[in-house]
Amino acid sequence: MVSIRGGMFVTLPKEGWRIGLCALIVLFFVACGEAGPGSEFSSDEDQSGDSPADSDAPLSDGDLDDGEGEPIDGEQEAATVCRTIDDCPEGYTCNPYTFVCIPTVECDDDGECQTSHGPAYVCADGTCQPTACTANGDCPDGHYCTGGLCAPQPDCSGIADMFIERVLPYLKIGQEMQLVAHAVDASGALIPSVAFRWRSLDSGVVSIDPSTGLARGGLRSGTTTILVEPHFALEICEGLGLSASVSLQNFALQLSGARVIVIDQSTGETVSGATVMINDLSAVTPTEANRGVATFQDAEPPFDIHVFHPNYHYRSLLKIGARDVLIPLRRFTGLNRKAGVRGELDFSRIPAVLEQDSRFGMAGLSVVGSLLDLGVTELFASPLMTVIPFDGPFHDELPMPSNVEIVLGDDSPQREVLAEGDIRSTTAWAMGGFIAADDLMEQVVARLYAGWIDVGAFLISSLAYSGTFYHAVLEGVSLDAQPMVPDDGTGAQPPYDEADLNGNGQTNDLVPDYSGFTPLPGPLVLERALDRRVKVTAGKLPSIFSGLPDGVFALVGARTPNGQFVPLGVGAKALDETNPDKPNPEEGGELWVNFAPLYGGLYDRYILIAYAVPFSNLFGFDDGPAPYSAIVRYSENAPSEANVGDFLPFVLWAQVFEAERRLSLLGNEQGDIYRAVFHNQQRDWEVLVGADGSILSYVDMILPTPPDDDPFGPSVDVETVELSRGVSLDSLAEFNNLPLTKLDEAVERFSVYRLSSESRLGLSTGR
């Protein structure tokens, strides 16, 4: 258990665990909130507004460095902590790596600054100024962005590895697919100006343009390997053993009947042994040649397709017109099993000038699968009863997410963080930093006296700290799902062998086997500042029967080369504080999100997800997470502003008819897909059906009985999904270049509501 000191003890009854959890969950937002009123970040590093750092804070003694560990001759500390040059007195500039003001040095060109200070400096307005970067385009000619710094363009010897962007490894005769390769340095940063030479081992199966990487399905069915090697304009990278490859399978055209190809969503490999049903027909994908493929010669569209496999979550697509369908499945961990890691957070890389007497940290694992399954509550691990002592005569344990660490005072012991994830998660991440105990306790005590109820107010008062927080990424994580253990303490190992670990007042339920979680290969080193800011402007929030969502939560992240999602920063704001003068209180208003730039193997685009959620009841729904609506946006460079528009309404009505195995719902014209996800003992059954485009869409989802365990029942998420223009469920289901594995790229907005036996009717009034 964690022992956190400093402040005052307060006793909370165990039956109030959900309220306590809400308040403690809010502490996460301390690390990832807004930059503060009037602050702004732009992609060309033009930052203005109030600094979130305390300009009167004492500075540490010692030499400064240039962000690469080398002392800068002649630089002396100014008595100012800074985040931008506007925080510094005249004659000083802000070092973005030590967060203190340093004297300006006159120059004539970039070369002088890079010679005297290092490659992270440029000559601007006649003085040497440190420059950070989010993309290669932010750097001077001949330089590239690595770890947020500009560095000279390397030669072949600077390439540490290379990879081909994740693709679906299947083609049909005549179909084209663009392959893209990247070279990276030792930090995982993409190296620009690298050309590639492509080669197919069997061009009759799949041919490829040697310079562009455009692949084309040949006239013969089969599988072949595509190889790629790097080179620069004047240098061939031979003899270094650098190459990457991908195996592509070419299929014949499907002109009649129906063909269903079943694949693993994470690996792209075909899955054998699945039971595939089309309408009243059924088949098992063979285990011999062409494994993972089920063909129905006599079937005619429209198709109701259902796919079941004991090792995967189930998936159904209804009313499909395409004859050639590719269905990806998510790996199933197992009934009553949890996968996770345990390890420590390392705060030693955070500049000493930012140190305070308390600290906050949160860890997690890369998200495998669709962003449609990533709600706000999914960022937090299972609750773990934790001793949180404040100075005074009273104390109690509270259920805090096991992936969150809060340390108040210097004498509090550090505990391991416990992050839960998919067994195919490959990357661990963390974010956190230091907070002054007095500042934190002033807010905590005020909310304790209020009974831990005013969650929104606590969020708003806690967001100012994220500007000084740091991020960590650790690749090469390997997980193994462990059976859950009884919560009476008999199945757990020390120090997790106490009864009622999750604080719900029961001991006959199951909790994760924390002692069986995989130890991380090393600590999560908080080393990359959350020094980017985006202003998110949200429009109307949807209404639901239980009231209006009263807050907006925004998440910025990016993907790893294998397609898994890693958060880089978050922010949150309660509705009544977004803009008190706004005439329409139903508008989401503005909030700021601090986030880290792409680094450490993260690449491609930034992904922004804005959520409308009920902060005052975030964990207060007995049968699952609170309802939420979300908006997804992509940005090639670090965004500075994002006007995301209105949130998508919930379905107007829904009900489960168990005897008929039917889910019925009433939607509106804004949805392109209706999605239902049934839950039972961690097994999910996802059902997708296209909307008919009418003002009021009435949809019946009638499902068969699966061959194995049956998730169908009243516990189901009912979702409305809006897609990009020109994309439909039919086009996603069809075997083409935008399959269901890329569903996230086509999603614009979606809303989620968890039905239960107590809430089946009249979900929302909509707007």
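See the structure printed just above.
Conventions and cut-offs
Residues numbered from 1 in each chain as written. Predicted model: local features only at pLDDT ≥ 70, side-chain atom pairs only at ≥ 80, totals over all residues. Heavy atoms only, no water. Helix = DSSP H or I, 4+ residues; strand = E, 2+ residues; numbered from the N terminus. Buried < 20%, exposed > 50% of the residue type's maximum accessible area, 1.4 Å probe, protein only. Contact = heavy atoms within 4.5 Å. Areas by Shrake-Rupley, 256 points an atom, 1.4 Å probe, with all protein chains shown as cover. Core = buried A, V, L, I, M, F, W, Y, C linked by side-chain atoms within 4.5 Å. Patch = residues over 30% accessible without salt bridge, like charges linked within 9 Å, V, L, I, M, F, W, Y side chains within 5 Å. Salt bridge = Lys/Arg side-chain N within 4 Å of Asp/Glu carboxyl O. Lys, Arg positive; Asp, Glu negative; His and termini not counted. Charge placed at Lys NZ, Arg CZ, Asp CG, Glu CD. Pairing = 2+ DSSP bridges. Axes fitted to C-alpha atoms, helices over the stretch in contact; angles between N-to-C directions. Polar contact = N/O pair within 3.5 Å; in protein donor to acceptor, adjacent residues only side chain to side chain. Disulfide = S-S within 2.5 Å.

Draft legend 1. Spotlight on the overall build of the chain. Broken down by element type, the chain carries seven helices and 53 strands. Going through the 767 residues of the chain one by one, you find that 58% of them count as buried. Within the chain, residue pairs in contact and separated by at least 24 positions form 70% of the contacts whose partners lie at least 6 positions apart. Carbon and sulfur atoms form 47% of the exposed surface of the chain, whose accessible area is close to 29200 Å².

Draft legend 2. View of the nonpolar core. Residues F553 and Y611 are the most contacted members of the largest nonpolar core, which totals 94 residues. Per element, the largest residue contribution to this core is eight residues, and it comes from strand β44 (residues 603–613). Grouped together as the second largest cluster of nonpolar side chains are 32 residues, I350, L354, Y470 and L526 included.

Draft legend 3. Region of the structure containing a negative patch on the surface. A cluster of acidic residues, E106, D108, D109 and E112, forms a negative patch on the protein surface. Within the fold, D109 resides in the loop between β3 (105–106) and α2 (110–116). Judged by relative accessible area, which is 38%, D109 ranks as partly exposed.

Draft legend 4. Quick look at the sheet that holds strand β21 (residues 293–296). Pairing is mixed across the open sheet formed by three strands, whose spatial order is β21-β18-β24. This sheet does not close on itself; its edge strands, each paired only once, are β21 and β24 (324–329). Adjacent strand axes in the sheet meet at a mean angle of 20°, parallel and antiparallel pairs treated alike. Two elements, strand β18 (residues 258–264) and β24, share six bridges in a ladder whose sense is parallel.

Draft legend 5. Just the sheet that holds strand β47 (residues 653–657), in detail. Strand order across the open sheet formed by three strands is β47-β48-β51, with antiparallel pairing between neighbours. Pairing within the sheet leaves two strands with one partner each, and these edge strands are β47 and β51 (696–702). On average, adjacent strands in this sheet sit at an angle of 10° to one another, irrespective of strand direction. By the bridge criterion, seven bridges tie strand β48 (residues 662–668) to β51 in an arrangement that is antiparallel. Directly across from N668, in β51, lies its bridge partner L696.

Draft legend 6. Spotlight on the pattern of salt bridges. Throughout the structure, instances matching the rule amount to 27 salt bridges. Note that R323 and E300 form a salt bridge whose closest N and O atoms lie 2.9 Å from each other. Linking R323 in the loop between β23 (314–320) and β24 with E300 in the loop between β21 and β22 (303–308), this pair joins segments that are 23 residues apart in sequence. E300 gets classed as partly exposed once you look at its relative accessible area, which sits at 47%. E722 is the salt-bridge partner of R749, the closest N and O atoms lying 2.8 Å from each other. With R749 in strand β53 (residues 747–755) and E722 in strand β52 (residues 716–723), this residue pair connects regions lying 27 residues apart in the sequence. R749 gets classed as buried once you look at its relative accessible area, which sits at 10%.

Draft legend 7. Just the side chain of R754, in detail. Position of R754 among the secondary structure elements: in strand β53. R754 gets classed as buried once you look at its relative accessible area, which sits at 16%. Polar side-chain contacts of R754 include one of 3.3 Å to the side chain of H679. For R754, the side chain forms a polar contact with the side chain of D717, separated by 2.3 Å.

Draft legend 8. Inspection of the state of the cysteines at higher detail. Taken as a whole, this structure holds four disulfides when the rule is applied. Between C88 and C101 runs a disulfide, and the two sulfur atoms are separated by 2.1 Å. Sign of the S-S torsion, about -90° for the bond between C88 and C101, identifies this disulfide as left-handed. With C88 in the loop between α1 (17–30) and β1 (92–95) and C101 in strand β2 (residues 100–103), this pair connects stretches of sequence that are 13 residues apart. Paired through a disulfide, C156 and C237 show a sulfur-sulfur distance of 1.9 Å. Between C156 and C237, the S-S torsion sits near -75°, and that sign places the bridge as left-handed. On the criterion of sequence distance, the pair formed by C156 in the loop between β7 (149–152) and β8 (161–164) and C237 in the loop between β16 (235–236) and β17 (244–251) is long-range, its members being 81 residues apart. The two residues C156 and C237 agree in class, both being buried.

Draft legend 9. Here's a closer look at the pairing of β17. Counting buried residues in β17 gives six out of eight residues, a clear majority hidden from the surface. Sheet topology note: the strand β9 (residues 170–172)/β17 ladder contains three bridges and is parallel. Residue L171 lies in a different strand from β17, and its bridge partner there is N250. Here strand β15 (residues 222–232) runs beside β17; their pairing, made up of seven bridges, is antiparallel. Bridge pairing links V228 to A244 in β17.

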